[in-house]
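# Chain and residue survey
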Amino acid sequence: MPELSHLRMCRPRLDNLPELTPPEGFALRSVTANELPELACLLSAAFPELIWTPKKTHESLFADLTVKETLVLVEEATGIFAATASARLLPERFPNAGYLHWVGAHKNFQGKGLGRLVTLAVLHKFRELGCTSAVLETQDFRLPALQSYLKLGFEPEHYDDTHTARWEAILNPPLGKQPVTQVAFVVKDMEVARQAWAKALGVPVPDTRLTIPGHERDLTYLGQPTGAQAKLAFFNLGQVQIELIEPVAGSGPSVWDNAPEGVHHLAFRTKNMAATRDALAAVGVPLVFRGDGANGSQMAYFDARDSLGLYFEFAEALKTPL
């Protein structure tokens, strides 16, 4: 999958910044080159996917002359570095704008608004430096930071074709604001189950169908091709569809294989599967199963069994790359 470009945000004005008031028990100040180990420790805790050594920290924030100042919030009682942000100037790319750089809070201090405070401190620094606006670049999965930036007056920018759909997924999350389109149940005997459901609902008994073999749908489970198939039946109830699933034993590994009877998944729609994948991965719900559908569509399952006891399925009318 090609790597997605960074998202960009801009705060078009700096003359209307909120007042800067450090929280009680914390001191806001500049970091010195003598404090590289402490700063590297903070950045490692804030960005665990990266390796921060004092050497890397020096190269990124002190040897780089575009970085004008690195600020830190220090817990006064312990001396621990709790949050940081840097002020950077890139006049060739962003004339008259400050570039917000490496904002992060130590994992032990996250959720306390400290990232917002050091961000605001850097914005005040930009104003002192004569900047009239501020920009930042970030990634889709950093949802708490994105929400903080939006509340601070940053606005999304769109500089490539993927950004409209990606921002749509962020501003209108894949779950929470989207209607459930389907509730699915695994059954042991499709003939018995569809008769029982039809009787209970007072509707005709639906037809059944066998899914297209996996190799014809580019079907993958945990990233590997699979020939998995299932027998399906559907009850269209207006607002929501009931799906019955009878796995085809031995057809291949999948989200259906060896699934227990009962609720299997909730289904939703998405306009950008990659953005949905990233948003769910950020909260510990990984993509495990996907396949092509009819007319250029695709479907994907996300595994929330550990936390919620079921899968989420998303359908996308026009397939985007995963």
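What you are looking at is a predicted structure, and each value in this text was computed from that prediction instead of being measured. (Residues numbered from 1 in each chain as written. Predicted model: local features only at pLDDT ≥ 70, side-chain atom pairs only at ≥ 80, totals over all residues. Heavy atoms only, no water.)

### Notes on the packing of aromatic side chains
Under the definition given, this model contains 14 aromatic pairs. Summarising the aromatic geometry, the rings of Phe 289 and Tyr 301 are spaced 5.5 Å apart at their centres and angled 55° between planes, so their arrangement reads as tilted. Residue Phe 289 is located in strand β15 (residues 287-292), and its partner Tyr 301 is located in strand β16 (residues 298-304); the two are separated by 12 residues in the primary sequence. Of the two residues examined, Phe 289 and Tyr 301, each falls in the buried class. By the ring-pair criterion, three or more aromatic residues cluster together here, those being Tyr 221, Trp 256, Phe 289, Tyr 301 and Tyr 311. Seen from the ring of Tyr 99, Arg 88 lies directly overhead, with NZ or CZ sitting 5.6 Å from the centre. (Phe/Tyr/Trp six-rings, centres within 6.5 Å; stacked < 30°, edge-to-face > 60°. Helix = DSSP H or I, 4+ residues; strand = E, 2+ residues; numbered from the N terminus. Buried < 20%, exposed > 50% of the residue type's maximum accessible area, 1.4 Å probe, protein only. Lys NZ or Arg CZ within 6 Å of the ring centre and 35° of its normal.)

### Here we look at the packing of helix α1 (residues 36-46) against helix α2 (residues 54-61)
Contact pair α1 / α2: the axes reach a minimum separation of 8 Å and the direction vectors enclose 90°. Compared by their axis directions, α1 and α2 come out roughly perpendicular. The segment α1 lies against α2, with Leu 36, Pro 37, Leu 39, Ala 40 and Leu 43 engaging Pro 54, Thr 57, His 58 and Leu 61. A per-class count over the contact of α1 with α2 returns seven nonpolar, two polar and no charged. (Axes fitted to C-alpha atoms, helices over the stretch in contact; angles between N-to-C directions. Parallel < 35°, antiparallel > 145°, perpendicular 65-115°, else oblique. Contact = heavy atoms within 4.5 Å. Nonpolar A, V, L, I, M, F, W, Y, C, P; charged D, E, K, R; others polar.)

### Quick notes on the sheet that holds strand β3 (residues 67-75)
Strand order in this open sheet of seven strands is β2-β3-β4-β5-β6-β1-β7, and the pairing throughout is mixed. At either end of the open sheet lies a strand with only one pairing partner, and these are β2 (26-30) and β7 (155-157). The mean angle between the axes of side-by-side strands here comes to 25°, regardless of whether they run parallel or antiparallel. With five bridges connecting them, strand β1 (residues 7-11) and strand β6 (residues 133-138) associate as antiparallel partners. Residue pairing across strands places Met 9 opposite Leu 136, the latter belonging to β6. Helix α3 (residues 114-128) contacts β1, β2, β3, β4 (81-89), β5 (97-105) and β6 of the sheet and is inclined by roughly 30° relative to β4. (Pairing = 2+ DSSP bridges.)

### A word on the pattern of salt bridges
Per the stated rule, a full pass over the model turns up 16 salt bridges. Between Arg 88 and Asp 64 there is a salt bridge whose closest N-O contact spans 3.3 Å. Here Arg 88, found in strand β4, pairs with Asp 64, found in the loop between α2 and β3; they are 24 residues apart in sequence, far enough to count as distant. Close ionic contact of Arg 166 with Asp 140 constitutes a salt bridge, the shortest N to O distance being 2.6 Å. In this pair, Arg 166 is assigned in helix α5 (residues 163-171) and Asp 140 in the loop between β6 and α4 (143-151), connecting sequence segments 26 residues apart. For the pair Arg 166 and Asp 140, a shared accessibility class is recorded, and that class is buried. (Salt bridge = Lys/Arg side-chain N within 4 Å of Asp/Glu carboxyl O.)

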